[in-house]
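# Understanding the architecture of this molecule
Below are the chains, spelled out letter by letter.
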Amino acid sequence: MTLQKNKIYRAVIEGYSSEGLGIARIDGQVVFVHGAVRGEDCDILIMKVLKNAAFGKVTAIHTPSPERREPDCPYYGKCGGCDFRHMSYEEELRAKQQRVQDALTRIGGSDICVEGIWGAKDRMHYRNKSIYPVSAQGTVGLYRARTHDVIQVENCLIQKETADTAANVLRQYIRSYQIPCYDETTGKGVLRHLYVRTNCKGQSLVCLLINGDKLPHEAELVAMLCQALPQTVGVVLGSNTRRGNAILGDSYRTLWGRDTLEDTLCGLTFRLSVPSFYQVNHDQAEVLYTKAMEFAELTGKELVVDLYCGAGTITQVMAQNAGRVIGVEIVPEAIEDAGKNAVRNGVENATFFCGDARDMASELARQNLRPDVICVDPPRKGLAPEVVEAVASMQPERVVYVSCDPATLGRDVKRFGELGYKATRAVAVDLFAGTANVETVVLLSRA
């Protein structure tokens, strides 16, 4: 029997999808349900029917879950930023741990049991990097779920208040000077995104991403930002003339102040430029790196290779307990930051190379380097098959895999397994409270 669009069915929510949607089965068909909590008996309105699944939303609850909560955000359900504000944090953590476990078991073919999930002590205003898209009509906010429609969000519960203040300043600037904003469909307009990075001291680095190389009334914009955000250390302009919705620019120009922001993590100081990767949740990043260090089992003698090293955070944390560490990153600005950060922190046993992880891993393998430990922290797409093969060919005793996407992690764990590396430990760390995203650290040991 095929489910009918716009018809209401009654069902019990069995669990959650990787995007945080509830899962129900109606007449043998899987239905992904918005706003659902596991265990609830509810009425579901079918909104879309596909070949192998359907999508719906809760219209009435016959048996509510004790974990259900009234969403604390007025934008919830409109903005696509958060997925779990309608349930308790304990239920959110259970859903995330189960998501990691399912990925490792079902996709990765592993029999490993996830040791647990480290929840966040502070679930509000934790993001130290905020990116606000600007619509062609001049709306500054966040994307509506599963669209590129921008809705105005003035007080986000997971962004820093300073970032929301900067977004409000940008709205005033657009109105005051009639600034032309970028249209994805036509490729015309100038202002594309607002980027704000904030450190532990409350200082901020602001970057405007534009379609071109200059903005009208740049001096006035700088003055408005500095007046509203007196702890701003710099205002940068990033040029991105590529069509589409890519965010970061190809070149940067400093309008005022500095083009970097300094922060402290795990007792080390890091100076960060706009393109440098840095975990968005400072406190939970320290938990994540502590677990990565634990899994690496360093004694002070090992050679460690850190692929996707960003600004050198994990690299330098591991260097404190290793013999030598090699960091690899494709972003030139990030590698420059990493080298300078190592000097600033007095880390003398770390070396950094700029290049694609695939090419660098193959090159290191060709040089017959035998790392004791290889650490990988790739983007959401995970590792290319060639990277997995190159890592395995160096025959490290341990691979520490830090992942922000359980599905690609599971896929790569399976690939490593075929090359003689078995997942022996796994733990989840919640860096993204309120959202469906979750970080995982997996230890892969050579058989």
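Structure's up top.
Residues numbered from 1 in each chain as written. Predicted model: local features only at pLDDT ≥ 70, side-chain atom pairs only at ≥ 80, totals over all residues. Heavy atoms only, no water.

### Describing the overall build of the protein chain
A tally of regular secondary structure across the protein chain gives 9 helices and 23 strands. Seen through its principal axes, the protein chain has C-alpha atoms that stretch 65 × 60 × 40 Å. Within the protein chain, buried positions represent 55% of all 447 residues. Each charge sign in the protein chain was given a centre, from 52 positive and 54 negative side chains, and these centres are 3 Å apart. (Helix = DSSP H or I, 4+ residues; strand = E, 2+ residues; numbered from the N terminus. Buried < 20%, exposed > 50% of the residue type's maximum accessible area, 1.4 Å probe, protein only. Lys, Arg positive; Asp, Glu negative; His and termini not counted. Charge placed at Lys NZ, Arg CZ, Asp CG, Glu CD.)

### Notes on the nonpolar core
Within the largest apolar cluster, 120 residues are counted, with the highest numbers of intra-cluster contacts made by Leu 170, Leu 191, Leu 208, Leu 215 and Leu 307. Beyond its immediate chain neighbours, meaning those up to four positions away, Leu 191 contacts Val 134, Leu 170, Ile 174, Ile 179, Pro 180, Cys 181, Tyr 182, Leu 208, Leu 209, Ile 210 and Leu 215. One finds Leu 3, Ala 11, Val 31 and Cys 42 within the second-largest nonpolar core, a separate group that totals 13 residues. (Core = buried A, V, L, I, M, F, W, Y, C linked by side-chain atoms within 4.5 Å. Contact = heavy atoms within 4.5 Å.)

### Observations regarding the sheet that holds strand S6 (residues 53–63)
What the 6 strands build is an open sheet, ordered S1-S5-S6-S4-S3-S2; its pairing is mixed. The open sheet terminates on both sides in strands that have one partner only, identified here as strand S1 (8–12) and strand S2 (15–16). Pairing analysis gives 5 bridges linking strand S3 (residues 22–26) to strand S4 (residues 29–34), with the strands arranged antiparallel. By the bridge assignment, Ile 26 is partnered in S4 with Gln 29. (Pairing = 2+ DSSP bridges.)

### Topic: the packing of helix H2 (residues 161–177) against helix H3 (residues 218–228)
Contact geometry of H2 with H3 gives a least axis separation of 10 Å together with a crossing angle of 145°. Here H2 runs over H3; the crossing is right-handed. Of H3, the residues touching H2 (which contributes Thr 165, Ala 166, Val 169, Leu 170, Gln 172, Tyr 173 and Tyr 177) are Glu 220, Leu 221, Met 224, Leu 225 and Ala 228. Per-class residue counts for the contact of H2 with H3 are 9 nonpolar, 2 polar and 1 charged. (Axes fitted to C-alpha atoms, helices over the stretch in contact; angles between N-to-C directions. Left-handed = near helix turned anticlockwise from the far one by under 90°. Nonpolar A, V, L, I, M, F, W, Y, C, P; charged D, E, K, R; others polar.)

### A few points about the environment of Leu 237
Looking at where Leu 237 falls in the secondary structure, it is placed in strand S13 (residues 232–239). Separated by 17 residues in the primary sequence, Leu 237 and Thr 254 place their C-alpha atoms 6.1 Å from one another. Beyond its immediate stretch of four places on either side in the chain, Leu 237 contacts Cys 207, Leu 208, Ile 210, Asp 213, Lys 214, Leu 215, Glu 218, Ser 251, Tyr 252, Arg 253 and Leu 255.

### Focus: helix H4 (residues 282–296)
For H4, with 15 residues, the first-to-last C-alpha span of 21 Å sits near the 21 Å given by 1.5 Å per residue. Taken together, the buried positions of H4 are occupied by His 282, Gln 284, Ala 285, Leu 288, Tyr 289, Lys 291, Ala 292, Met 293, Phe 295 and Ala 296. Where H4 starts, the residue carrying a side-chain oxygen 3.5 Å from the main-chain nitrogen of Asp 283 turns out to be Asn 281. Count one or two residues on from H4 and you reach Glu 297, which has phi positive near 55°. (Expected span 1.5 Å × (residues − 1). Polar contact = N/O pair within 3.5 Å; in protein donor to acceptor, adjacent residues only side chain to side chain.)

### Overview of the packing of aromatic side chains
Taken as a whole and judged by the stated rule, the model has 4 aromatic pairs. Seen from their ring centres, Tyr 16 and Phe 84 are 6.3 Å apart, and the 90° between their planes marks the pair as edge-to-face. Here Phe 84 lies in the loop between S6 and helix H1 (89–107) and Tyr 16 lies in strand S2, a separation of 68 residues in the sequence. Owing to a relative accessible area of 4%, Phe 84 belongs among the buried residues under this scheme. (Phe/Tyr/Trp six-rings, centres within 6.5 Å; stacked < 30°, edge-to-face > 60°.)

### Quick notes on the sheet that holds strand S23 (residues 439–446)
Taken in spatial order, the 8 strands line up as S7-S22-S23-S21-S20-S17-S18-S19 in an open sheet, and their pairing is mixed. Of all the strands in the sheet, just strand S7 (117–118) and strand S19 (350–354) have a single pairing partner and so form its edges. Sheet analysis places strand S20 (residues 373–376) next to strand S21 (residues 398–403), joined by 4 bridges and oriented parallel. The residue of S21 that forms the bridge with Cys 375 is Val 400. Contacting S21, strand S22 (421–429) and S23, helix H9 (residues 406–418) runs over the sheet at an angle of about 165° to S21.

### Some words on the pairing of strand S12 (residues 204–210)
Of all the 7 residues making up S12, 7 are buried; the element is thus mostly covered by neighbouring parts of the structure. Every second residue of S12 is oriented toward a common face, with Ser 204, Val 206, Leu 208 and Ile 210 on one face and Leu 205, Cys 207 and Leu 209 on the other, all of them buried. With 7 bridges joining them, strand S11 (residues 191–198) and S12 adopt antiparallel strand pairing. Residue pairing for S12: Leu 194 is matched across the bridge by Leu 208.

### Here's the deal with the packing of helix H7 (residues 357–366) against helix H8 (residues 385–393)
Axis separation between H7 and H8 bottoms out at 9 Å; the angle between their running directions is 25°. Considering their axes alone, H7 and H8 lie roughly parallel with respect to each other. For the pair H7 and H8, the sense of crossing is left-handed. Mapping the contact onto sequence places Ala 357, Arg 358, Ala 361, Ser 362 and Ala 365 in H7 and Glu 386, Val 387, Ala 390 and Ser 393 in H8. A per-class count over the contact of H7 with H8 returns 5 nonpolar, 2 polar and 2 charged. (Parallel < 35°, antiparallel > 145°, perpendicular 65-115°, else oblique.)

### As for H9
Look at H9: 19 Å from first C-alpha to last across 13 residues, which is about the 18 Å you get at 1.5 Å a residue. Every buried residue of H9 is listed here: Pro 406, Thr 408, Leu 409, Gly 410, Asp 412, Val 413 and Phe 416. One side-chain oxygen at the N-terminal end of H9 lies 3.0 Å from the backbone nitrogen of Ala 407; it belongs to Asp 405. Taken from the residues just after H9, Gly 420 is the one with a positive phi, measuring 95°.

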